[in-house]
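Here is how the chains run, residue by residue.
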Amino acid sequence: MEDIFKKSLEANLEKLAAGPNKNVEKGINRAVSAALLDVICRLPTRKPATPRAAYFSAEFLPGSFVMGSLANLNLWDICKQILTQKGYSAECLCRPRDPALGNGGLGRLAACLMDSAAATDISLDGYGIRYRYGIFRQGIKDFSQTETPDIWQEDCPLEKERRDQAVVVHFSDEDVLAVPFDVPIVGKNKINRLRLWSAEAITPIDFQAFCDGDFCSAFKQMNNAEAISGFLYPPDNTEAGKILRLKQQYFFSAASLKSILRDFEKIGKPINLLSDYIKIQLNDTHPTVAIPELLRLLCEEYGRDFETAFKICGEIFSYTNHTVMAEALECWEEGLFCKVLPKVYPYIVMLNNHLRQRLVGTEALNQLLIIKNSVIHMANMAVYVSHKINGVAKIHSEIIKESIFKNFYGIYPERFLNITNGIAHRRWLCLANKGLCEFADNRIGTEWRENLPLLEQLEKFNSTADLDELAKIKSDNKKSLVRYLKSDFGLSVDPDYMFSVQIKRIHEYKRQLLNILSVLGLYIDLKNGELKDFYPTAFIFAGKAAPSYYNAKQIIRLINAVSALIERDEAARKYFKVLFIPDYNVKNAMKIIPAADLSEQLSTAGTEASGTGNMKLSLNGAPTIGTLDGANIEIVDYAGQENNYIFGAKKEQLQKLEAYDPMDIYYSSDRISRVLDLLKQGPAGDFTHLFNSLLFGENADRYKVLLDYPSYQNARLEANEDYKNSRVYSQKALKNIAAASHFSADQTVKNYNRKIWNV
Ligand code: 26Q
């Protein structure tokens with residue numbers, strides 16, 4: 001494989017050098033893609049009769065497809081080597097914009113699982129939407145977030161339009177053409193497929209209107225249809241009922257089912273056997289409308305009775321929940337749903353009646369209903385029909401059983417299970433952190449690249465020479481991040497500072513506010529001469545706020561304002577640096593994560609379903625400062641409490657906490673009131689809104705920032721103290737690297753297959 005790739009790439013690069021030298025970056029991407037395709041066409045092709053699993057997801061956040069394929073096939077090093085030899089930079093491969101068709105964790109998990117399925121030989125296809133605009137590009141102006149459209153579609157050589165396999169999707173007001181764009185997701189013995197649908201009008205224009213010169217009406221239909229795959233919804237929308245989003249969900253769910261059924265028909269088996277050939281994983285409730293749609297198809301197109309169709313659907317569907325926040329569970333107003341999807345709606349009513357009949361007499365029947373007070377509860381439908389329902393970390397899987405799905409759990413306990421998230425280590429370690437990979441290769445060989453659990457053996461390589469080498473690798477990665485920040489963003493930071501890193505969506509529950517308030521606290525201590533021997537630290541932030549999420553945007557503004565405050569103050573500058581890196585995305589993450597000294601995972605206990613950034617940072621040797629929440633708990637179980645910095649109230653303590661009044665804390669703690677008072681017309685500017693949200697109203701300090709502040713500050717000082725001793729700290733880093741061997745997405749996707757799909 002390596003030989004074929006090598007020869008092909010060299011030949012392609014020669015052609016590139018000989019041709020007109022217009023756009024070298026594009027040329028290199030084309031050359032590498034072509035070489036990859038040469039390898040891919042020799043891999044075993046897809047067999048129609050093979051049972052498969054399908055991952056239905058409204059979001060995929062894959063990063064560069066070229067890099068992903070290189071990582072999966074283990075061709076990255078050789079590719080880099082050839083490019084360098086020929087005088088090109090491998091950096092070019094990160095240049096075309098990432099297809100950023102996701103908001104955060106859920107979309108990135110989908111991409112990691114796809115990569116790992118191909119690598120571990122599991123037949124898994126992805127189905128989603130080819131949004132014209134992915135998540136917005138973030139900029140910072142006057143301390144605040146700006147949003148501009150993400151235009152990414154121009155150049156993606158691995159992607160293939162399959163107009164011949166287009167299908168029609170019917171809505172009450174229009175028929176829309178769904179055109180699939182396929183990307184091969186490859187492993188050494190496998191080609192899986194990511195199929196993303198793009199919407200088009202079937203009759204592109206009203207020709208008569210066009211002839212009459214009424215161009216607006218002539219193109220209206222075209223615009224309407226194309227809007228369906230126009231843009232990605234940000235998760236800022238808690239009130240139900242955005243028609244376009246419902247249309248998006250149905251659009252890709254219905255198109256994907258049609259495509260699957262078409263493939264199934266080719267093998268000529270009776271429809272009753274459908275579930276032997278296909279299992280569908282619903283990535284959260286976003287594609288749940290696929291359930292009534294498949295019921296409808298089985299009844300209306302294949303002539304099955306409802307009971308049979310219901311049974312088939314139960315064998316096919318399973319559902320992953322990614323959030324415990326009740327307000328994030330998707331609901332649709334019955335009238336609206338019926339208006340947009342009148343043919344699908346009756347099947348939801350039938351499901352609801354079916355549930356009512358089957359569970360009649362159940363005490364909490366009302367909680368279980370799919371339709372309540374004219375509102376359709378998609379999660380209840382997903383749970384009622386699916387044969388398996390999973391959470392994404394141990395604590396999260398327990399929480400859903402005792403909270404949102406408590407009553408279902410009482411009736412169907414055997415359906416519920418945990419599958420802890422994992423990460424594609426070939427991307428997050430092999431591509432992102434060459435130094436650390438070589439450190440591992442030189443000690444335990446290279447087999448861990450295919451089998452991450454082997455990385456655990458690294459733990460015993462903790463001589464002083466080993467630890468010093470580890471520290472050197474981290475320091476080199478930091479220098480390389482510093483260069484990147486300078487060249488691409490004009491930001492400067494001293495690589496000798498400790499890098500404390502919080503990178504994720506900006507959300508109140510993730511508590512970036514706790515982090516930045518604590519920086520203000522340290523600043524006050526310094527000014528008062530109360531901060532002793534603090535090791536200079538760069539507090540690095542990155543992440544996007546949903547455009548309509550006011551408090552999250554104020555938090556970004558506060559971070560940047562504190563950054564400027566420190567910058568103006570010569571004494572403070574010697575100890576602190578606050579850095580907000582704009583436009584967090586897969587590419588930036590791959591530069592930031594290997595350079596992190598400390599991983600900030602601050603969510604209020606019980607709120608973060610799992611987290612996956614926490615795993616990436618741990619695998620790259622950053623101990624966690626965090627709460628006992630999500631997968632932090634499992635990280636610390638493997639790596640040891642003593643190698644991480646755990647603080648804050650536990651979930652059980654928070655549950656017992658009655659009548660929390662942040663005002664009591666404000667009045668009883670000078671440290672805290674001093675910090676909070678800075679938010680009101682302080683030197684950083686006016687942040688009264690954040691101040692008020694912490695102290696006043698029914699939901700005052702909903703996420704218990706003030707409650708956890710003191711223990712966070714202590715944990716922070718402890719980490720800072722430990723960091724002064726490089727070997728002590730590197731030893732902790734090493735434990736974390738070895739322990740993160742448990743979080744491979746290879747393992748995760750194998751668990752899905754073993755416990756749910758069996759394909
Ligand atoms: C809902 C309704 C309307 C519009 C948008 C949405 C919406 C969109 C995206 C709701 C939720 C999301 C994304 C959720 C998400 O990313 N969850 C994260 O999933 C990760 C993978 O399991 C976990 O690690 C994180 O803990 C979890 O927050």
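What you see is a predicted model, and the numbers here were worked out from it, not measured in a lab.

Can you lay out helix H11 (residues 306-316) for me, pointing to particular residues and giving the numbers?
Those residues of H11 not exposed but buried are Phe306, Ala309, Phe310, Ile312, Cys313, Gly314 and Ile316. Against helix H9 (274-277), strand S9 (278-283), helix H10 (290-300), strand S10 (317-320), helix H13 (345-358) and helix H15 (378-385) lie the buried residues of H11. Two or three places before Glu307, at the start of H11, stands the capping residue Asp305, its side-chain oxygen 3.1 Å from that residue's backbone nitrogen.

Let's hear about the sheet that holds strand S11 (residues 331-333): which residues, and what values?
Overall, antiparallel pairing links the 3 strands, which are arranged S11-S13-S12 in an open sheet. Both outer strands of the open sheet, S11 and strand S12 (371-372), are each paired with one neighbouring strand and no more. For S11 and strand S13 (residues 375-377), the ladder comprises 3 bridges, and the chain directions are antiparallel. Bridge pairing links Trp332 to Ile376 in S13.

Please set out the pattern of salt bridges residue by residue, giving values where relevant.
All told, the structure shown has 44 salt bridges when counted by the stated rule. Taking the shortest distance from any N to any O, the salt bridge between Arg52 and Asp125 comes out at 2.8 Å. You can see Arg52 sitting in strand S1 (residues 52-56) and its partner Asp125 sitting in strand S2 (residues 124-129), a full 73 residues away along the chain. Asp125 shares its class with Arg52; the two are buried. Members of the salt-bridge network, linked through shared partners, are Asp525, Glu530, Arg671 and Arg674.

Which residues make up unusual backbone geometry, and what are the values?
For Ala659, which is not glycine, the phi torsion reads 45 degrees and is therefore positive. For Ala659, a relative accessible area of 77% gives the class exposed. Look at Asn758: it is not a glycine, yet its phi comes out positive at around 50 degrees. Of note, Asn758 is situated in the segment after helix H33 (745-757).

Please provide a residue-by-residue account of the site of the ligand, values included.
Residues in close proximity to the ligand total 19 residues, the closest being Leu106, His322, Asn421, Glu608 and Gly611. At a separation of 3.0 Å, an oxygen atom of the ligand approaches a polar backbone atom of Leu106. Residue Tyr509 places a side-chain N or O atom 3.2 Å away from an oxygen atom belonging to the ligand. Here the ligand loses 88% of its free accessible area of 620 Å² to cover by the protein chains. Examining the composition of the shell around the ligand, we find that 3 residues originate from one element, helix H5 (residues 105-119), more than from any other. Classifying every residue of the shell around the ligand by side-chain character gives 7 nonpolar, 8 polar and 4 charged.

Rules behind the numbers
Residues numbered from 1 in each chain as written. Predicted model: local features only at pLDDT ≥ 70, side-chain atom pairs only at ≥ 80, totals over all residues. Heavy atoms only, no water. Buried < 20%, exposed > 50% of the residue type's maximum accessible area, 1.4 Å probe, protein only. Helix = DSSP H or I, 4+ residues; strand = E, 2+ residues; numbered from the N terminus. Contact = heavy atoms within 4.5 Å. Polar contact = N/O pair within 3.5 Å; in protein donor to acceptor, adjacent residues only side chain to side chain. Pairing = 2+ DSSP bridges. Salt bridge = Lys/Arg side-chain N within 4 Å of Asp/Glu carboxyl O. Near = heavy atom within 4 Å. Areas by Shrake-Rupley, 256 points an atom, 1.4 Å probe, with all protein chains shown as cover. Nonpolar A, V, L, I, M, F, W, Y, C, P; charged D, E, K, R; others polar.

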